[in-house]
Amino acid sequence: MIIHIPFIHSLRLRSLLILPPQPDSHSRPTRIRLYTNLPHAPTFSDIEAMQPVQEIGIAQSPAGWQVGVDEEGRGAGGRREVEEWPLKVQKMASVWSITLMIVSTRWK
């Protein structure tokens, strides 16, 4: 899956907040590739030739995210908490668009 998000102004991205399925779920993605400043949403054939700015392995929840969260990813109020993944700030300093490509899942 490819998700392309254009912005109206340039901005600095520091983290990616996502609410994926539980770590033990067969439908949870294992990796997400990030591309910045693409003028339009790329096709799969376009994006295969490109080098991602950052690749995040999300098979497991981020370290430190588990503080105050139970084994189902729920906080004190019982709501499911989003996961926060840090980004390489120096490479995300002047971003006009970001494209996320979900690379793989563990379909059974």
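Above: the structure in question.
These numbers come from a predicted model, not from an experiment.

Thresholds applied
- Residues numbered from 1 in each chain as written.
- Predicted model: local features only at pLDDT ≥ 70, side-chain atom pairs only at ≥ 80, totals over all residues.
- Heavy atoms only, no water.
- Helix = DSSP H or I, 4+ residues; strand = E, 2+ residues; numbered from the N terminus.
- Buried < 20%, exposed > 50% of the residue type's maximum accessible area, 1.4 Å probe, protein only.
- Contact = heavy atoms within 4.5 Å.
- Areas by Shrake-Rupley, 256 points an atom, 1.4 Å probe, with all protein chains shown as cover.
- Pairing = 2+ DSSP bridges.
- Core = buried A, V, L, I, M, F, W, Y, C linked by side-chain atoms within 4.5 Å.
- Patch = residues over 30% accessible without salt bridge, like charges linked within 9 Å, V, L, I, M, F, W, Y side chains within 5 Å.
- Salt bridge = Lys/Arg side-chain N within 4 Å of Asp/Glu carboxyl O.

**Q** Would you take a moment to explain the overall build of the chain for this structure?
**A** In terms of helices and strands, the chain carries one helix and six strands. Moving toward the C terminus, one meets the helices and strands of the chain in the order β-β-β-α-β-β-β. Out of the 108 residues belonging to the chain, those deemed buried represent 34%. Once local pairs closer than 6 in sequence are excluded, the contacts in the chain between residues at least 24 apart make up 79%. Total accessible area on the chain stands at roughly 6,800 Å², and carbon and sulfur atoms take up 56% of it.

**Q** Just checking my understanding: could you explain the pairing of strand S2 (residues 15-18) for this structure?
**A** Two faces belong to every sheet, and in a regular strand the side chains alternate between them. Side chains Leu16 and Ile18 of S2 all project onto a buried face; the interleaved residues Ser15 and Leu17 project onto a face where none is buried. Bridge count for S2 against strand S5 (residues 83-86) is four bridges, and the pairing is antiparallel. Counted as the bridge partner of Leu17 is Glu84 from S5.

**Q** Teacher, can you tell me more about the environment of Gly57 here?
**A** Along the chain, Gly57 falls in strand S4 (residues 54-57). Residue classification places Gly57 among the partly exposed residues on the basis of a relative accessible area of 47%. Considered as a pair, Gly57 and Ser104 are 47 residues apart in the sequence and their alpha carbons are 10.0 Å apart. With near-sequence residues (within four places) excluded, Gly57 lies in contact with Thr30, Arg31 and Trp85.

**Q** I would appreciate a short explanation of the nonpolar core in the present structure.
**A** Generally speaking, soluble globular proteins have nonpolar side chains that are buried together. Core analysis: the biggest nonpolar cluster contains 14 residues, and Leu16, Leu34, Ile56, Leu87 and Met92 have the highest contact counts within it. Those elements that provide at least two residues to this core are S2, strand S3 (29-36) and strand S6 (95-105). Per element, the largest residue contribution to this core is three residues, and it comes from S6.

**Q** What exactly am I supposed to notice about a nonpolar patch on the surface here?
**A** A surface patch of nonpolar side chains, amounting to about 260 Å² of accessible area, comprises Met1, Ile3 and Ile5. By the secondary structure assignment, Met1 is in the segment before strand S1 (2-11). Looking at Met1, the relative accessible area reads 56%, which means it is exposed.

Limitation: the analysis is restricted to geometry and does not speak to function.
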